[in-house]
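# Fold and geometry: a report
The chain contents come next:
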Amino acid sequence: MKIDRRSFLALTIGGAAGTALTPLPWKLTDDSSIWSQNWPWTPVPAKGENSYAYTSCTLCPGGCGLMVRMVGDRAVKIEGLEGHPINDGGICILGLSGLQLLYGATRVKTPLKRIGKRGEGRWEKISWDEALANVTAKLGQLRDANQSHTVACILGSKHGTTSTLFKRFMTAYGSPNVMTTPSVQDTLEMTLQVMHGVEAEAGFDIENSDYILSFGSGLIEGWGSPVRMFRANSAWRENGVKVVQVEPRLSSTAAKSDQWIPINPGTEAALAMGIAHILIKESLFDNDFIENHTEGFAGWKKMVLDEYTPEKVAAITGVGKTAIVRVAREFAGADKPLALCGRGCGDTPGSLAEAMAVHTVNALVGSINREGGVIAVPMTAYAAWPDMTMDSMAQSGMVKSRVDGAGSDKFPMAASLLNRFAGGVIAADAYPVNALLVSGANPVYATPDAQAFKKAVEKIPFVVSFSSYMDETSMNADFILPNHVYLERLEDVPVTAGLQKPMIGMVQPVVYPLHDTRHAGDVVIELARSMGGSVGDAFPWDNYEACLEAVLGEKWDALSEEGIWQDENFQPAEWGEAFETASGKFEFMNSAMGLMPSYVPLSLEGNASTFPLLLIPFDSMRLASRFISDPPFVIKTVEDTVLKGKEMCVEINPATAKSLGLANGKSAVLSTPKGGARVKIYHYDGIMPGVIAVPRGLGHTADDKYMAGKGANFNALIGPVEDRASGLDTAWGIRAKLAKA
Amino acid sequence: MDSALIPKGVKRCPLPQFGAALMIVSAVLLWGVFAMLLVWFKGLNQTNMNNAYGFALWIWADLGVIALGGGAFFTGFLKYIVGKDELKNIINFAVLIGFICYSSALLILAIDIGQPLRGWFIFWHANVHSMLTEVAFCLSCYFGVLCIEYLPLVLENRQIDKVPFFHNLSHNMHEVMAVFAATGAFLSFFHQGSLGGVAGVMFGRPFGFREHILIWPYSFFLFTWSAAACGPCFTIFATKLTEKIAGKKLVKDNVIELLAKISGWMLFTYIIAKIIDTIYWANVTAPAMGFTLMDFYISSPGSFYGIWILILEVGVCGLVPALILITDKGRKTPALLWTAIILASIGVLLNRWVMVLQVLAVPVLTFETWNMYFPSWQEIATTILPIAYGIILVMISYRYMPIFPQEAELNPIEEPETAVTQDTEAGEEAKQAQEAELAPAKG
Amino acid sequence: MKEAQGHNKTKKFGMVIDLDKCTGCGACMVACMAENNVSFREDESDKQLSTAWMRVYKMTNGKPFPDADVCYIPRPCMHCEGHGGHSPCVSVCPATATDYDNNTGIVSQIYTRCFGCRYCLAACPYHARVFNWWDPVWPADMEKMLNPDVSVRMRGVVEKCSFCYHRYQRAMEKAHYEERHEIEEDEYQTSCTQACPAGAITFGDLNNPDHTVNQLVKPDNRHGGRPKNPQAFRLLERLGTNPKVYYLSSREWVIRAGDNYVKNENH
């Protein structure tokens, strides 16, 4: 067939036109369009009925109320509960990411029994019956051998029914060794014990204060109840409240404050005493309070006037004399001044003498139990527990001396000294520790001198973790009895984060438990019941919910319906009735116990010439550093001046860095007497020369790939330093050195 | 062995030698293809681009290759519209270079976009305000024009030309080629310009932003101008490179010199316009946005974006080659000519780099720092891919098509018979064809 | 008469962020991620590769110790109006995958139309736009927490803050069912505004004199939306992007850090 031009063109054009008239090209176009817009591996979340479920957050002691948006039976978004007295709709970065803990990869989904060596991460899934049988058998064995006191228990919180159930179990079982995660609240409670003679928590009426003098408290870094503090900070901005922040580093709190006073690390107590000196010298104190409601002023005042002159204080703290005098006068001149302490987010208990010093600054201006001041909030027992009978085993066990030395002659005031536990276990002076139960805490990660703690755990032959997550403590356990995550639990959570009134929040489940987990409260009741005898008798409830309802009594209804209970009628005690010391008045010191407000310099470990720098930690809202570690959303927000790749950054003053030849962004090796880490250098103008800082919350070795292996654990770089008086950890830093990598 | 396909009157190297060279270049091509497949299947995380560098090596390569391919439209414009007839001796090669450049650009674009299967949305959901829309339409149309301009060359292959239909088709296409050249010039004016517009309209990027004449920023015109100026330089460079590798002269000096002269004047006038534009931008446009000229350059010595890059682009690679090419001596001295055409080609590439990558490197928010970028091997491989492809196409085109009309004249074959004694059958055919051709000439 | 007109005018949804109150806590970032199904990867320390719609930057005053000062500045998409609806990004998108809505002032993004040319990324001076270099992966059971109101994106497309447009749609639907035509100020609030524990973010209709955002900054529509409040500023005001996000600060250096100035120029 001869193809000439005409017929060729005709064929081509005709063919093209014909095809265009068929659906074929349009269908193919449409198909490819749809196909390239709906790749099968891109999830399409199912729609469903929208509703809200209500609960409280337990990821920090703050006690925020939550509303959780549900689509069908899936929880899709956590939001702050509007109208809640603490957070009123606001919520912090960690709280917002709670669903990633619920649905995440670190969940322990069934009870696990360790196979292989501790830390290898090899587990056998077992049933609850088997798990409980194992634990009961071991505990029974120890009890039968008169070793009940060799069982130790570490809890996240000392309040709430779940913790109380653990404590009740240990008492009925016969061991005094219950420890709780420490914080500055421990020291503040002791301060009130010594100076007011009451068992109370320290509350702060920050919302009504007009002058805030903060000695290193991370007011917007997680101190107290974080969202409450943020709201207060905003109100301060609006109302012209002056905030003075005293700390060695330009933290977010310092940057937001009206005045940042850089101070030599660890010398905050000296400044407090220096301010007290001016208040006394210039007669700026509240006459009524001092004359009529205090004891021991004359003696104490002499010491202050002699030893804390502006010159001496300036030399210790590095703060200029004029500044000291000015701040003291401003503080006294305000209507409702308030001094605060507890470095960073307040996880380290700190020095009792320092807490007392800051408390006297408040006392001198009469900011005690008054609007805008410190409030002693008595610890009323809100739950009614039935009496229990202790058998002879329990009685003999309970009088044994504690492994951590709390309550001993040396540390009579302390109820729990977790910082001394590792030492006690390793020394095994009185007796070894044969079993350890851990609930609501991750002490293998979070205890200063983490290596020592790990060594102690290695010595304990039987370790049970109740954690919902495969965290560092779970990794070193023999059995994991996973608790429900808070979003799956029912629980009461008293808020002990510095509120001015007693408040209890209710945690209520928003989803059915996703996995084969059990409420730790239920597990304790079952363990007790299977032990039988007086131990079992002490737990007459079928399950945790029944127990909760029973012990909460009339508060159960309010808590179930409102999700919160507040003592609306609470009023701070008037000065005439507030003090239950021997004298019936506010006491400046307790000479018998050698306790007084003062500056006690920390004896820092290490040689100043080998370790010429001072390493301090900093807290950040974006780095959870307690029981819960950052979920993926939160670690994602950490700045590249804090974490770069896998290395954490160390903040260093540019002048100091230059003198050491450490260029910005380069790798270096950080060493302290306790440990070392590879870090990246970050030149920061906001830190004093000679002082370096790293964040807390990094250096996890367990968890999932989003968190593990990033940065270094600050707790592995520092060790606790016991307060002479309280026994609690007072270390605010440690000596360090930096060398090029 | 393939002498039947080789144009008559010219010599080519033996097929095995050709095949070996082809293999080597193909290996490089395959490396590029591998990288391309990695990018298509794994995604753009195979590159070193990030949210600060949305445009990087590929976009620079696109802009660069289109600028260098500007020789096609400008030579066509000069030959068909202005009437510089001598340029017919280089126009084929210019078209070939243009074809390679534009097909490379389309290939790179197909690799560069995040969802290649949706690339056609640019036509389907076109946004008339976007410079890239204009680029896409114009580029596609112009590629069509280049195909039409390249097709006759293919049809003129000795064997294909024997088919009367194809012979007539190519003859007829030559007749109307002026229309296509004009279309091509018109389209090129717009898309070369729009590529300049891509950077020039970004009023959020003070380094790239230029003031407007109607809807077009000054960079629109400067891009077309520089493409018209430097495109021919690249064509000359490619021609001379081909001559070096082939070992023979392919285009007469007067053709080269004519193109070089026009190119030189274009380049000279362009540089003046560019300098005026730079002064205006540095003293009026940028300060209105809060920037001085030196804010756009890093002051520490040895930095990639130091002020040296401006001096290099406009001075060393702009003014210097312009001054060489506008002088007779410059054009006639081989060393100077080579220098000028290489510098001019580098100059336009440098201009495209600056107008894409430096735009993104310069911090705009006061709390940002300079962004740096270095391409990944996948990006480099896929950028070398079109170069390899181009070399292969030039090799095949040169071997089998009469690209250079003056080649036979410049390289007479002494013994016509000896040239065809290798293969008797083919030799007979060739002899007959030769006689056939000689016959009409006589007649 | 004028007031009634004021309420029926087209809306211009915008945001005011009080930098004196902002603590840099990052809640806004995570609230946005949780609400809008934003993805996350193992290593997010390279912020140029991190997908973040709302991003909190840290500014410093550049002074040495002890005069150093820092300020956190949250940066969502600015939803620029540009010149008459020609935002820097909207004008350059070749596939009309992004558009400026004159009724709300919001710049939309159609993920299924975007083919990933990234021109809008290059055009945006605020780095508000991010590209999906990888396919998002939701580990373990985390697909369960995806919000069905917001499309989940695939790799190869650009995404950015939408001022939680899906919440606007929900509010309008609710109003429609209740036979109303207008929504109240508190019925449409973005996720970041809602979450901010410091109450530093305010969101509303800049055109409505009853809305807090209007009262805080007093935008001057005759001068491209410039704020009349001297403590208010917009980032890169001089570029003429006419953004919808205003910042408040009592610190002079912070206000000045919002834009570029040739030496000795006043703002």
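Residues numbered from 1 in each chain as written. Chains lettered and ligands numbered in written order. Predicted model: local features only at pLDDT ≥ 70, side-chain atom pairs only at ≥ 80, totals over all residues. Heavy atoms only, no water.

Right, let's get into the overall build of chain B. The secondary structure content of chain B amounts to 16 helices and two strands. By the compact-globule yardstick of 22 Å for 443 residues, chain B fits well, its C-alpha radius of gyration being 23 Å. The C-alpha extent of chain B, read off along each of the three principal axes, is 80 × 50 × 40 Å. The buried share among the 443 residues of chain B stands at 55%. For chain B, the share of sequence-separated contacts (at least 6 apart) that also reach a separation of at least 24 residues comes to 79%. With an accessible surface of roughly 18400 Å², chain B has 71% of that area assigned to carbon and sulfur atoms. The centroid of the 26 positive side-chain charges in chain B is displaced by 4 Å from the centroid of its 31 negative side-chain charges. (Helix = DSSP H or I, 4+ residues; strand = E, 2+ residues; numbered from the N terminus. Rg over C-alpha atoms; globule rule 2.2 N^0.38 Å. Buried < 20%, exposed > 50% of the residue type's maximum accessible area, 1.4 Å probe, protein only. Contact = heavy atoms within 4.5 Å. Areas by Shrake-Rupley, 256 points an atom, 1.4 Å probe, with all protein chains shown as cover. Lys, Arg positive; Asp, Glu negative; His and termini not counted. Charge placed at Lys NZ, Arg CZ, Asp CG, Glu CD.)

Next up on the list: the overall build of chain C. When helices and strands are tallied, chain C shows seven helices and twelve strands. Its C-alpha atoms give chain C a radius of gyration of 19 Å, near enough to 18 Å, the size a compact globule of 267 residues would have. Here chain C, with 267 residues, has 67% of them falling under the buried criterion. Long-range contacts, defined here as pairs at least 24 residues apart, represent 60% of the contacts in chain C between residues at least 6 apart. Accessible surface computed for chain C: about 9800 Å², of which carbon and sulfur atoms make up 48%. The centroid of the 32 positive side-chain charges in chain C is displaced by 5 Å from the centroid of its 33 negative side-chain charges.

Another point: the nonpolar core. Among the nonpolar cores identified, the biggest contains 246 residues, and Leu357 of chain B together with Tyr119, Phe163, Tyr188, Leu235 and Tyr247 of chain C are the most heavily contacted of them. In this view, Tyr247 of chain C contacts Ile17, Leu19, Ile73, Pro74, Arg75, Pro76, Met78, Gln231, Ala232, Phe233 and Leu235 of chain C; residues no more than four positions away in its chain are not counted. In terms of nonpolar packing, the next biggest core, distinct from the first, is built from 83 residues, Ala270, Trp300, Phe586 and Leu595 of chain A among them. (Core = buried A, V, L, I, M, F, W, Y, C linked by side-chain atoms within 4.5 Å.)

Residue and element names in this part refer to chain C. Taking burial as the measure, the six residues of strand β3 (residues 70–75) include six buried ones, the bulk of the element. Side chains of β3 alternate between two faces, with Val70, Tyr72 and Pro74 and Cys71, Ile73 and Arg75 buried alike. Of the pairings in the sheet, the one linking strand β2 (residues 55–60) to β3 comprises six bridges and is antiparallel in character. Among the inter-strand pairings, Met59 is bridged to a residue of β3, identified as Cys71. (Pairing = 2+ DSSP bridges.)

As a further point, take the interface of chain A and chain C. Across the contact, 72 residues belong to chain A and 63 residues belong to chain C. Roughly 5600 Å² of surface becomes buried between chain A and chain C when both sides are summed, with 59% attributable to carbon and sulfur atoms. Note that Glu44 of chain C and Lys636 of chain A form a salt bridge whose closest N and O atoms lie 4.0 Å from each other. Across the contact surface, chain A and chain C share 27 residue pairs in polar contact (both at pLDDT 80 or more). For the side of chain A that touches chain C, the secondary-structure elements that each account for two or more residues are β2 (65–71), β3 (74–80), α3 (93–96), α4 (98–102), α8 (226–239), α9 (252–256), α26 (632–636) and β23 (643–644) of chain A. Top contributing element to the side of chain A that touches chain C by residue count: α8 of chain A, with seven residues. Taken together, the residues of the side of chain A that touches chain C break down into 36 nonpolar, 17 polar and 19 charged. (Buried area = accessible area lost by both parts, 1.4 Å probe. Salt bridge = Lys/Arg side-chain N within 4 Å of Asp/Glu carboxyl O. Polar contact = N/O pair within 3.5 Å; in protein donor to acceptor, adjacent residues only side chain to side chain. Nonpolar A, V, L, I, M, F, W, Y, C, P; charged D, E, K, R; others polar.)

Once that is clear, we can look at helix α13 (residues 377–400) of chain B. Taking 1.5 Å of rise per residue, 24 residues should cover 34 Å, and α13 of chain B covers 34 Å from first to last C-alpha, within 8% of that figure. Counting buried residues in α13 of chain B gives 17 out of 24 residues, a clear majority hidden from the surface. (Expected span 1.5 Å × (residues − 1).)

Right, let's talk about the side chain of Lys636 of chain A for a bit. Within the secondary structure, Lys636 of chain A is located in helix α26. Of the polar contacts made by the side chain of Lys636 of chain A, one reaches the backbone oxygen of Ser39 of chain C; its length is 2.6 Å. Ignoring sequence-local partners within four residues, the contact set of Lys636 of chain A consists of Met33, Val38, Ser39, Phe40, Glu44, Lys47, Ser50 and Thr51 of chain C.

Residue and element names in this part refer to chain A. Sheet architecture is open: three strands sit in the order β1-β2-β3, paired in antiparallel fashion. Of all the strands in the sheet, just β1 (50–56) and β3 have a single pairing partner and so form its edges. Pairwise comparison of adjacent strand axes, ignoring direction, gives a mean angle of 30 degrees for this sheet. Bridging between β2 and β3 involves six bridges; their strand directions are antiparallel. When the sheet's bridge partners are listed, Met67 is paired in β3 with Glu79. (Axes fitted to C-alpha atoms, helices over the stretch in contact; angles between N-to-C directions.)

On to the interface of chain B and chain A. Between chain B and chain A, the contact holds eight residues from the first and twelve residues from the second. Counting the surface lost from both chain B and chain A, the interface buries some 840 Å², and carbon and sulfur atoms represent 68% of this. When the buried area of chain B at its contact with chain A is split by residue, Leu117, Trp120 and Phe165 of chain B rank highest and sum to 54% of it. Where chain B meets chain A, there are zero salt bridges. Counting the contacts that link chain B with chain A gives one residue pair in polar contact (both at pLDDT 80 or more). At the level of elements, α5 (121–124) and α7 (164–200) of chain B are the ones that each hand at least two residues to the side of chain B that touches chain A.

Okay, the confidence of the model for chain C next. In the predicted model, chain C carries a mean pLDDT of 94, and 96% of its residues have values of at least 70. Quick note on the complex model: pTM equals 0.93, ipTM equals 0.95. (pLDDT = per-residue confidence, 0-100.)

Within the structure shown, the criterion is met by 72 aromatic pairs over all chains. Members of the aromatic cluster, each reached through a chain of ring pairs, are Phe285, Phe289, Phe297, Trp300, Trp575, Phe579, Phe586 and Phe588 of chain A. Here the basic side chain of Arg41 of chain C rests over the ring of Trp134 of chain C, its NZ or CZ set 4.3 Å away from the ring centre. (Phe/Tyr/Trp six-rings, centres within 6.5 Å; stacked < 30°, edge-to-face > 60°. Lys NZ or Arg CZ within 6 Å of the ring centre and 35° of its normal.)

Attention now moves to the environment of Ala202 of chain A. Residues and elements named next belong to chain A. Mapping Ala202 onto the fold places it in strand β8 (residues 200–204). For Ala202, a relative accessible area of 3% puts it in the buried group. For the pair Ala202 and Thr187, spaced 15 residues apart in sequence, the C-alpha to C-alpha distance is 9.6 Å.

On to the pairing of strand β26 (residues 676–683) of chain A. Residue and element names in this part refer to chain A. Note: strand β24 (residues 647–652) against β26, five bridges, orientation parallel. What sits directly across from Glu651, in β26, is Tyr682. Sheet topology note: the strand β25 (residues 667–671)/β26 ladder contains five bridges and is antiparallel. Its bridge partner lying in β26, Ala668 is registered against Val679.

Time to look at a negative patch on the surface. Residues and elements named next belong to chain A. A contiguous patch of negative charge, built from Glu545, Glu549, Asp557, Glu561 and Glu562, is present on the exposed surface. Breaking the negative patch down by element, the ones donating at least two residues are α23 (544–552) and α24 (555–562). At three residues, α24 tops the list of elements feeding residues into the negative patch. With respect to the secondary-structure elements, Glu562 resides in helix α24. (Patch = residues over 30% accessible without salt bridge, like charges linked within 9 Å, V, L, I, M, F, W, Y side chains within 5 Å.)

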